[in-house]
Amino acid sequence: MTVQEQDLLAGEGGVRRPRVQKNVTRTIATDICADVFPAGAFLPTEAELCLRYGVSRTVIRESLKILESKGLVRGRSRVGTVICPKEEWNILDQQVLEWIGPRIFELDLLTCVLDARRAIEPFAAEFAAERATVQEVAEIERAWENMRDAEGDLETFTKADVAFHAGLLKASHNQVFMQLASIIQAALEFSLHASNEAADARGEAVEIHRRLVEALRMRDKEAARECSRRMLDVAARDLALAIRKHPPAGE
């Protein structure tokens, strides 16, 4: 069956059929994340997916390869493609987080990110106070200045906030923490955006970030660690507000 014929059949259902590879992948992934195709179930056959999304088998196969690489599905020879449990998804991947969308609150992923930060960042701050170069401290301070100057611009503020925390992990000169800076950046951005958006005011966060910069400059490891802990307490408070504003579906 040609793509044109598939499009004709698909159009009879009155459902929007994405044509571009990226859009097809995103649409299938979004359906998986929304439990249209629940964990443990099999996806429809390739032929059925072609009709559902109005594209060729080649496009469907390429999309499934991408989804499999991110842990959402698993192909089984002669059986089909099964939806993987959420525990197997690559939830630190930027695209996966985007596909999850508003359900990121329902799945408690942002709280998990905060838990990970609590386990890592105070130690990273302490190490950075001891090991950071003058240039690294200057870069962290520049990120803080951008936060301070962002005023009511949430996107600019969050971008600077992410740069601050990524810079802190790198300045720890701990090789594992330095690797984590890039691995968790997408999840960190989602988490910070949610807490920053929920905050009534960002002045308190800006001030604590300033104190941490000062602790790094003074090589005060204890102060740096305590500033980081206080920063995470504020983030937890604001994230709790964000979660309350996004109750699970049906509530």
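A brief look at the structure comes next. Predicted, not measured: the structure shown is a model, and the values here were computed from it. Counting starts from 1 at the beginning of each chain's written sequence and moves along it residue by residue. In view of the model being predicted, local features appear only for residues whose pLDDT reaches at least 70, and side-chain atom pairs are presented and counted only at 80 or more, with totals across whole chains, interfaces and linings using the full set of residues. Hydrogens are left out, water is left out, and the side-chain values use all remaining heavy atoms of the structure.

Describing empty space enclosed by the protein
Which parts of space are left empty comes out when a probe the size of a water molecule is rolled across the atoms.
(1) Moving on: Any residue with an atom within 4 Å of a point lines the site, the site being either a cavity, points on a 1 Å grid over the protein atoms alone where a 1.4 Å probe fits but cannot get out, or a pocket, an open set with protein on both sides within 12 Å along at least 5 of 7 lines. Grid points are joined across faces, edges and corners, and a volume is the space filled by probe spheres set on the points. Here the structure, examined in full by the defined rule, presents two cavities of 30 Å³ or more.
(2) Moving on: If you add up the space inside the largest cavity, you get close to 140 Å³.
(3) Moving on: If you trace the largest cavity, you find 17 residues lining it, with Asn196, Ala205, Val234, Ala235 and Asp238 closest to the centre.
(4) Moving on: We count a stretch as a helix when DSSP gives it H or I for four or more residues in a row; a strand needs E for two or more, and each element gets its number in order from the N terminus. Listing elements by their share of the lining of the largest cavity, those giving two or more residues are helix H9 (154-171), helix H11 (185-198), helix H12 (203-218) and helix H13 (221-244).
(5) Moving on: Take the lining of the largest cavity: its biggest share by element is five residues, from H13.
(6) Moving on: Gly counts as polar in this scheme, as do all residues outside two lists: the nonpolar Ala, Val, Leu, Ile, Met, Phe, Trp, Tyr, Cys and Pro, and the charged Asp, Glu, Lys and Arg. Among the residues making up the lining of the largest cavity, the classes are represented as seven nonpolar, four polar and six charged.
(7) Moving on: If you add up the space inside the second largest cavity, you get close to 30 Å³.
(8) Moving on: What lines the second largest cavity is simply Ala116, Arg117, Ile120, Glu121, Leu169, Leu180 and Ile184.

Re the nonpolar core
(1) Moving on: Core analysis: the largest hydrophobic core is formed by 38 residues, its most contacted members being Ile32, Ile60, Leu67 and Leu72.
(2) Moving on: Among the elements of the structure, helix H2 (21-33), helix H3 (46-53), helix H4 (57-69), helix H5 (94-100), helix H6 (103-106), helix H7 (109-131), H11 and H13 are those that each provide at least two residues to this core.
(3) Moving on: Considering each element in turn, this core owes the most residues, five residues, to H2.
(4) Moving on: Each residue touching Leu67, except ones within four places of it in the same chain, is listed here: Thr25, Ile28, Ala29, Ile32, Leu72, Val73 and Trp99.
(5) Moving on: In this description, a nonpolar core means a group of buried Ala, Val, Leu, Ile, Met, Phe, Trp, Tyr and Cys residues linked to one another through side-chain atoms lying within 4.5 Å. Exposure is judged per residue with a 1.4 Å probe applied to protein chains only, and the accessible area is read against the type maximum: over 50% gives exposed, under 20% gives buried, and values in between give partly exposed. One finds Ala125, Ala128, Met147 and Met231 within the second-largest nonpolar core, a separate group that totals 25 residues. Residues count as neighbours in contact if any of their non-hydrogen atoms are within 4.5 Å of one another.

Structural measurements only, silent on function.
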